Each structure stands twice: as structure tokens, then as C-alpha cells.
Amino acid sequence: MATNTSSTWQGWAKFAVAVAVLIALPHVLYPVFLAKVLCFALFAAAFNLLLGYAGLLSFGHAAFFGFAAYVSAHTAKEWGFTPELAILAGTLVAAVLGVLMGLLAIRRQGIYFAMVTLALAQMVFFICVQAPFTHGEDGIQGVPRGYFLGLFSLESNFAIYYFVLAVFLIGVIIIHRTVHSPFGQVLKSIRENEPRAISLGYDADRYKLLAFILSATLAGMAGSTKVLVFKLASLTDVAWQMSGEVVLMTMLGGVGTMLGPIVGASIIVTMQNYLAEIGQLTLIIQGLVFVFCVLLFRRGIVGEIKHWWTRLRGGKDEPAHLGPSGSTGLSDGDAEAAHAQERAS
């Protein structure tokens with residue numbers, strides 16, 4: 001009991017230090033750049049919830065990110081929604097889209113699941129190209145940041161950064177709570193050994209669908225927030241390349257870790273920002289960095305650091321979670337623990 005209490009306090013202390021650093025950062029770095037990093041960090045964390053904990057590789061997450069961005073931009077500019085309502089509108093639409101796409105995609109597994117999500121995302125992309133409210137290739141420009149709760153202006157770069165930070169923290173807390181709940185333990189068991197989880201009485205498809213919807217919802221929250229930062233919703237946000245970028249961010253940082261997607265997103269966005277002057281060579285450098293990390297950091301940057309730190313302290317090794325691959329055999333304990341927690345509750 002004392003050990004658990006100590007670990008909890010240590011976790012809260014680390015969280016408080018991280019928040020303090022994020023609060024101070026805009027006084028050192030450009031606030032809009034930092035706000036962009038936070039938006040993509042939330043997007044990658046939402047994607048990691050699906051890939052890292054449910055073992056489902058989606059190539060269509062740009063659909064939720066981009067379409068929610070369009071909805072948020074339209075409601076803010078044309079309907080006069082306040083920023084929090086615009087984000088809520090985009091997030092709810094992403095959730096509905098997640099339900100529709102999830103019901104179709106969740107029937108398949110592995111590469112077939114990935115291809116179905118990609119196909120559905122391309123349908124959403126062509127809708128965004130043709131729909132009148134998206135303005136085609138011009139996108140929705142000049143989106144007002146508005147007034148938070150109708151009282152506090154977000155036009156200042158510092159104000160929009162702290163608003164984005166609040167949204168980011170809400171999203172991360174939701175993901176953390178989900179992962180460390182009985183629901184999250186069941187997801188891990190399904191990821192590692194789905195037949196074993198089914199044998200314990202769990203409806204694997206229902207759990208995977210709920211994970212898909214939650215991931216889509218949080219991805220939509222990230223896209224809706226990004227619109228307010230840049231005052232623009234464009235086809236770039238909903239294109240298939242955006243789905244590829246979020247996969248890259250997550251794999252680079254570490255699949256199945258809380259901090260990994262955040263680190264991966266920070267690295268990729270920083271490279272895009274500071275290497276923009278060299279044009280298309282940025283993509284080549286990103287590819288080389290990714291290949292380098294895959295060869296040397298099999299678990300991703302954060303995953304590999306965590307692995308070596310555990311070994312240094314003499315702890316038990318955890319397997320590398322590289323997505324929807326084969327079973328590692330540790331899921332039985334996860335499933336039974338979750339089963340016991342559910343019976344107790």
C-alpha cells in the first residue's frame with residue numbers, strides 16, 4: 001500500500017513539473033509553434049491509443065483530424081460559435097464519423113483493417129474536395145479565434161497557446177485514465193492474445209469499436225484545436241499523407257507508451273518547422289531519421305529508454321509493442337486482472 005501511494009505521489013509530482021515546464025515554454029520559444037506541437041502531440045497520442053493499446057493499425061485517422069477541423073472552422077466562422085463550442089462541434093462530428101467508420105472497419109483485422117480505414121478516409125477526403133462548405137482547394141481561411149466563454153480573447157499568441165495547452169492536458173488525462181482502467185487492461189489483453197480474452201467472456205469487437213471511437217474523438221479534438229491556432233482548415237489536414245505522418249510520429253516516439261507519441265510529434269513538427277527552407281529534402285531527412293530509429297530503437301525512442309532504464313534497475317523486461325503483430329504471451333495476466341477488477345466493481 002505504501003509503495004503504491006509513493007508511486008502515485010511521484011507520478012503527480014512528475015506531471016506537475018511537466019505542466020510547469022509547458023507553462024513557461026512560450027516565454028522561450030514561439031507560442032504558435034508550441035501550440036502546433038501540442039495539437040499534433042494530442043493527435044499522435046489519440047492514434048497511439050488505438051495502435052499501442054488495442055493493436056489496430058489505422059491508415060485513416062486523417063479523416064477524423066481533418067473533417068473535424070473543417071466542421072470547427074465552419075461553425076466558428078459562419079455560425080459564430082465560441083472557440084470551445086467550435087471544438088466541441090468538431091469533436092462530436094469526429095465521434096459520429098468514428099462510429100460509422102468503426103462499424104465497417106472493425107469487422108476486419110491486420111492489413112485488411114488498415115486498408116479499409118484508408119479507403120474510408122479517402123472517401124472523406126473526396127467529400128471535403130466537393131462539399132460547398134469546405135471551399136475546395138481554397139479551404140476555410142480567416143477562421144476567428146474568438147473569445148473563450150465569450151469573455152476572454154484568444155487573438156493573442158500567448159492566449160491561444162494556453163488554451164491549446166488546456167485542451168491537450170484534458171486529452172492526455174482522458175487517455176491516461178483509459179489506459180489504466182479495467183477497460184484499458186482488456187484492450188491490452190486483446191492486443192496480445194485475442195482468443196484468450198474472448199475465452200474469458202469479453203466481446204473483443206465491442207472493446208475494439210469503443211477504442212476506435214475514443215481514438216477518433218480525440219483525433220477530432222486535436223484537429224479542431226489546430227484550426228484555431230492557424231485560422232485555417234485545408235485539404236492537407238484530411239489527406240492520406242496526414243495519416244502517414246501520425247503513424248511516423250507514434251512509431252518514432254514509441255508505440256504503447258504514454259510519452260512516446262508526444263516526443264515523436266515534437267521531433268517531426270520541429271523538423272518540419274526548422275527544415276522548411278530546404279523544401280522536399282525535409283521528407284528525405286524525415287525518412288532517414290525514421291529508418292535510423294527503427295534500426296537502433298526497436299521500441300521507439302521513449303520505449304527504448306524505458307527498456308534500458310528498467311534493465312539498469314534490475315526490473316522485469318517488457319516486450320516491444322510494434323503494433324498488431326503476434327502474441328507475446330503476457331496478455332493472460334492482463335485479461336485475468338481486468339476480469340477480476342470488473343467482478344470486484
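Residues numbered from 1 in each chain as written. Predicted model: local features only at pLDDT ≥ 70, side-chain atom pairs only at ≥ 80, totals over all residues. Heavy atoms only, no water.

(A) Representation of the overall build of the chain within the structure. For the chain, the helix and strand inventory stands at 14 helices and four strands. Across the 345 residues that make up the chain, the buried fraction comes to 49%. Intrachain contacts of the chain at a sequence separation of at least 6 include 76% that bridge at least 24 residues. Of the roughly 16,600 Å² that the chain leaves accessible, carbon and sulfur atoms contribute 67%. (Helix = DSSP H or I, 4+ residues; strand = E, 2+ residues; numbered from the N terminus. Buried < 20%, exposed > 50% of the residue type's maximum accessible area, 1.4 Å probe, protein only. Contact = heavy atoms within 4.5 Å. Areas by Shrake-Rupley, 256 points an atom, 1.4 Å probe, with all protein chains shown as cover.)

(B) Representation of the confidence of the model for the chain within the structure. Here the chain averages 85 in pLDDT, while 88% of its residues score no lower than 70. The model gives residues 322-345 a pLDDT under 50, and that stretch makes 38 contacts with residues more than four places away or in other chains. (pLDDT = per-residue confidence, 0-100.)

(C) Seen up close, the packing of aromatic side chains. According to the stated counting rule, one finds twelve aromatic pairs in the structure shown. An aromatic cluster is built from Phe40, Phe43 and Phe65, whose rings are joined through pairwise contacts. Above the ring of tyrosine 207, the side-chain terminus of arginine 206 is found at 5.2 Å from the ring centroid. (Phe/Tyr/Trp six-rings, centres within 6.5 Å; stacked < 30°, edge-to-face > 60°. Lys NZ or Arg CZ within 6 Å of the ring centre and 35° of its normal.)

(D) Local environment of a nonpolar patch on the surface. Judged by side-chain polarity, Trp79, Phe81, Leu85, Leu88 and Leu92 come together as a nonpolar surface patch covering roughly 510 Å² of accessible area. Considering the arrangement of structural elements, one finds phenylalanine 81 in the loop between helix H3 (62-77) and helix H4 (83-105). Residue classification places phenylalanine 81 among the partly exposed positions, given a relative accessible area of 31%. (Patch = residues over 30% accessible without salt bridge, like charges linked within 9 Å, V, L, I, M, F, W, Y side chains within 5 Å. Salt bridge = Lys/Arg side-chain N within 4 Å of Asp/Glu carboxyl O.)

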